[in-house]
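# Structural features, examined
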Amino acid sequence: MKEYILGIESSCDETSVAICDLEGKLYANIVSSQIATHSKYGGVMPEMASRLHIENINYVLKAALYDAKLDFKDLAAVAVTTGPGLIGALHVGLQAAKALSLALDIPLIPIHHLVAHIYASSYEKELRFPCLSLVVSGGHTELVYMPKEFAFEILGSTQDDAIGEAYDKVARILGLGYPGGPKIDQAAKLGKSTYKLPKPHTENPYNVSYSGLKTYINNLVHNAKQKGEEIRINDLCASFQKRAIDMLVEKLILALKIRPVEQIVIAGGVAANSYLREQVLLAVKKEYPNIEVVLPPLWFCGDNAAMVAKLGGRLYKRQFFADLSLGVFPSWSILDYGVLKDE
Ligand code: KG4
Ligand code: ZN
C-alpha cells in the first residue's frame, strides 16, 4: 500500500529528508547540517550550500528510507520546499523530488517553507483557528494571522533585517561565530541588560526593525575598540536580546487586540530562543490567559524535512499537486501559496 509521504528540504544550509504516513506520524527525519562548513566564512555561502546539497541529498534520502524501514514503492507522494530560500539550494531539492515523482509515478507537492515552519507545531499540538503565528527565522520575521487552514494575512513584518539575521550579524560584530542566535542566547544568560540601546520606530505598529539596532552596536563596539575600552559581551548580548525580543512580543500582544485568536504558534529557527519562549508565555498568560500558546520542540525549530512531510500529508488529502514544470520561488510570499485559490 502506498501510504507514505516523503518530504525534502534544501532551502538554506540543511539537507533533509523525512517520511510521514498519511496521518502525519513521523517515521524518519534525517538532517544533514552544513553549519560546520559555513561557519568558517561567518555566514551561509550560497554556492557552497548548493554544492553540498548535491553531494548529500542521495545519502540523506537513502538514510531516511533505511530509518523508516521503507522502500520507494511505499511512497504515495513527494513533497518538496520550493521557496522561499536560496535559488540554487532550492533547485537541488526540487530536481531530486521531480526525479522521484517521474520515476515512481507519484504526485509532486510544492511546499512553502514558512507554512511548513508553522505546521511543524502540529507535531506538538493540532493547529486551532483562528490562529496567530509569529514566524521568526534567518530570513523572515512575520506576524501571520490565519482565520482558517491555509488562509493567511500578514499583519506585520520586519522593515529591514530578519531577526535571525540580526542575531547573526551582531554575533559576528562581537566575534561570537556563526550561527549567532544560539551563541547570543547563551551569552545573554550570563549577563544583565545594562546597555541602553535605541528602540526603533515603525510606521505600521505591527512591524519591527532591526538594522538600526545592529548599526548602533557596530558603532558602540568600534568606538570602544578605538578608545581601548572594554565591552561587556554578556551584558551587551543580554541588552540586545531583550530589545530584539521584547519588541516582537509587544507587537504580538498588540495584534491580538485586532485579531482575537484561539491559538498562538511560534515558528522558525529563532523560536528556539529561550528568552522569546519565556516572554511569549508570560505575556500571553498575563494578557490573554485563555489563548493556547504552542512552542515547537527545540529540535523542530531549525530547518528540517519532518515539517515538509507533515504539511505534505495535509496537502496530499487536498490534492494540491504540481506538474513537472514546477520551478522554485526564492522570494515566495506566504500570500501567494494558493492552496485555497479554487475555493
Ligand atoms: O529557520 P532557520 O533554521 O533557517 C531559516 O529558514 O532562516 O533559522 C535560522 C536562524 C539563524 O539566524 C539562527 O541564528 C537563528 O535561527 N537561531 C536563533 C536561535 N537558534 C537559531 N536565534 C536566536 N536564539 C536562538 N536560540
Ligand atoms: Zn527555516
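Located above this text is the structure these notes cover.
Notes on the structure in this doc start here. (Residues numbered from 1 in each chain as written. Chains lettered and ligands numbered in written order. Predicted model: local features only at pLDDT ≥ 70, side-chain atom pairs only at ≥ 80, totals over all residues. Heavy atoms only, no water.)

## Let's talk about the layout of surface pockets
What counts is decided by this rule: Grid points spaced at 1 Å and placed over the protein atoms alone form the basis of the search, with a cavity being a set where a 1.4 Å probe fits but cannot get out and a pocket an open set showing protein on both sides within 12 Å along at least five of seven lines. Lining residues have an atom within 4 Å of a point. Grid points are joined across faces, edges and corners, and a volume is the space filled by probe spheres set on the points. The helix and strand labels rest on DSSP assignments: H or I over at least four residues marks a helix, E over at least two residues marks a strand, and numbering proceeds from the N terminus. Three residue categories are used. Nonpolar comprises Ala, Val, Leu, Ile, Met, Phe, Trp, Tyr, Cys and Pro, charged comprises Asp, Glu, Lys and Arg, and polar comprises the others, including Gly.
In this structure, the largest pocket encloses a volume near 1,200 Å³. What lines the largest pocket is a set of 43 residues, among which Cys12, Ser137, Gly138, Asp168 and Tyr178 lie closest to the centre. Contributing elements (two or more residues each) for the lining of the largest pocket: β3 (26-33), α4 (113-120), α5 (163-173), α6 (180-189) and α10 (298-301). Among the elements that line the lining of the largest pocket, the one with the most residues is α5, at six residues. Class assignment of the residues belonging to the lining of the largest pocket gives a composition of 17 nonpolar, 18 polar and eight charged.

## So, the site of ligand 1
Basically, it comes down to this: Nearness is defined per residue: one heavy atom within 4 Å of the molecule or strand is enough. Polar contacts, as used here, are pairs of N or O atoms within 3.5 Å; protein pairs need one atom able to donate a hydrogen and one able to accept it. Residues neighboring in sequence count only if both atoms are side-chain atoms. Only the protein chains shown count as cover for residues, with accessible areas throughout obtained via the Shrake-Rupley method and a probe of 1.4 Å. Molecules are considered to sit inside a cavity or pocket once more than half of their atoms lie within 2 Å of its grid points.
Close to ligand 1 lie 19 residues, the nearest being Gly138, Asp168, Gly181, Gly269 and Asn273. In the model, an oxygen atom of ligand 1 is placed 3.1 Å from a nitrogen or oxygen of the His117 side chain. Here ligand 1 has 560 Å² of accessible area as a free molecule, and 86% of this is covered by the chains. Here ligand 1 is seated within the largest pocket. Residue assignment for the shell around ligand 1 shows that the elements contributing at least two residues are α4, α5 and α6. The element best represented in the shell around ligand 1 is α6, accounting for four residues. Considered class by class, the residues forming the shell around ligand 1 number five nonpolar, eleven polar and three charged.

## Digging into the pattern of salt bridges
Put simply, the test is: When a carboxyl oxygen of Asp or Glu is within 4 Å of a side-chain nitrogen of Lys or Arg, the pair counts as a salt bridge.
Here the structure, examined in full by the defined rule, presents 17 salt bridges. Each member of the salt-bridge network shares a partner with another, and the members are Glu126, Glu149, Arg314, Arg318 and Glu343.

## Here's the deal with empty space enclosed by the protein
Overall, the coordinates contain one cavity of 30 Å³ or more when judged by the stated rule. In this structure, the largest cavity occupies an estimated 50 Å³ of space. In terms of lining residues, the largest cavity is bounded by Leu134, Thr141, Glu142, Leu143, Gly156, Ser157, Tyr206, Val208, Leu248 and Lys251. Of all the secondary-structure elements, those providing two or more residues to the lining of the largest cavity are β7 (141-146), β8 (153-157) and α8 (233-258). Element by element, the count of residues in the lining of the largest cavity is highest for β7, at three residues. When its residues are assigned to classes, the lining of the largest cavity shows five nonpolar, three polar and two charged.

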